[in-house]
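Structure at a glance
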Amino acid sequence: MIDKLLGWLRHRQAPVPDALWNAVISALPFLEALNQDEQLRLRRLAEGFLAEKEFTAVGELELSDAICISIAAQGCLPILELGLDYYRGWVGVIVYADEFIIPRSVEDEFGIVHEYQELASGEAWDGGPLLISWRDAQMAGSGYNVVIHEFAHKLDMLNGQANGIPPLPAQLSPSHWQQVLDAAYDDFCARIDAAADSAQEMLFDPYASENPGEFFAVMSEAFFETPTLLRTEYPALYAQLAGFYRQDPASRTFRKAAGRQPCGG
């Protein structure tokens, strides 16, 4: 399987086998909801992505064509209307079997550096590789999507740090984007505080409250996986994301994900 994948990398834009592509699409409701033309264009983008990027498995995970195609297809959904050039400047995709440890360091207000380790399901490095937990990637389909999350960070980083403001098209006002993002982020953080007092379950991943960059990434997950919910809760934010991604996922027809089997590896 790995030899076959490397063959795709050597022979650029080689087609993904029909059976594997169809298996990936049918396992992920937010991809199956694409119309025929969109699925065809996504497939071409994924093939181009596979030709340009290098996949590496870490630990006990055996890298397979199915894993690489699934990650490529999900990761290319955000750039369906933007183009592969939006993923320029980096080549590595590192896939872990499960969550992994990342060493961190932070300097406090007194200039003392504190080092610690963080358990992560994904990580996007500015100018470097993208790291994915395959176990978490297989949870896609119900509003949690580590692949889209990390690829959204890559888009956010195109014009600097991941701060929730990706490079915007001319028709989107940066000041209005900032205003909408800040208002939605502040409201979400207030909901987090209220939920903590009442033990209320959140509609979106609470990790979005970490900072505006994480908020953008989590809301991008929701935009593609649970678009109707996002449009209902944050209509102004949904409109801004639709303007950036040039897509309207809420207009697509999603089948129920209940009982869906994860895409195999």
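Keep in mind that this is a model prediction, so the values were computed, not measured.

1. Concerning the sheet that holds strand E1 (residues 54-58)
Spatially, four strands are ordered E1-E2-E6-E5 in an open sheet, and the strand pairing comes out mixed. Only two strands of the sheet have a single neighbouring strand rather than two, namely E1 and strand E5 (122-124). Here the average twist between neighbouring strands, direction ignored, is 20°. Across three bridges, the pairing between E5 and strand E6 (residues 130-133) is antiparallel. When the sheet's bridge partners are listed, glutamate 123 is paired in E6 with leucine 131. Relative to the sheet, helix H5 (residues 65-76) contacts E1, strand E2 (92-96) and E6, its axis offset from that of E2 by approximately 120°.

2. Description of the packing of helix H4 (residues 36-52) against H5
Two elements in contact, H4 and H5, have axes whose closest approach is 9 Å; the angle formed by their N-to-C orientations is 120°. Classified by the interaxial angle, the pair formed by H4 and H5 is oblique. By crossing handedness, the relation of H4 to H5 is classed as right-handed. Contacts between H4 and H5 involve Leu42, Leu45, Ala46, Phe49 and Leu50 from the first element and Cys68, Ile69, Ala72, Ala73 and Cys76 from the second. A class-by-class count of the residues in the contact of H4 with H5 yields ten nonpolar, no polar and no charged.

3. Description of the pairing of E6
Burial of the side chains of E6 extends over both faces: Leu130 and Ile132 are buried on one face and Leu131 and Ser133 on the other. The sheet contact formed by E2 and E6 spans four bridges and is parallel. Of the residues in E6, the one forming a bridge with isoleucine 94 is leucine 131. Linking E5 to E6, which pair antiparallel, is a turn of five residues; within it glycine 127 sits at a positive phi near 80°.

4. Regarding the confidence of the model for the protein
On average, residues of the protein carry a pLDDT of 87, and 83% of them reach 70 or more. Between the elements of the protein, mean pLDDT differs from a low of 45, seen in helix H1 (residues 2-10), to a high of 98, seen in helix H11 (residues 235-245). When the criterion is pLDDT under 50, residues 1-11 qualifies, and its contacts beyond four places in sequence or with other chains add up to 22 contacts. Of the regions scoring below 50 in pLDDT, residues 257-265 engages in 26 contacts with residues more than four places distant in sequence or in other chains.

Thresholds, definitions, all that
Residues numbered from 1 in each chain as written. Predicted model: local features only at pLDDT ≥ 70, side-chain atom pairs only at ≥ 80, totals over all residues. Heavy atoms only, no water. Pairing = 2+ DSSP bridges. Helix = DSSP H or I, 4+ residues; strand = E, 2+ residues; numbered from the N terminus. Axes fitted to C-alpha atoms, helices over the stretch in contact; angles between N-to-C directions. Contact = heavy atoms within 4.5 Å. Parallel < 35°, antiparallel > 145°, perpendicular 65-115°, else oblique. Left-handed = near helix turned anticlockwise from the far one by under 90°. Nonpolar A, V, L, I, M, F, W, Y, C, P; charged D, E, K, R; others polar. Buried < 20%, exposed > 50% of the residue type's maximum accessible area, 1.4 Å probe, protein only. pLDDT = per-residue confidence, 0-100.

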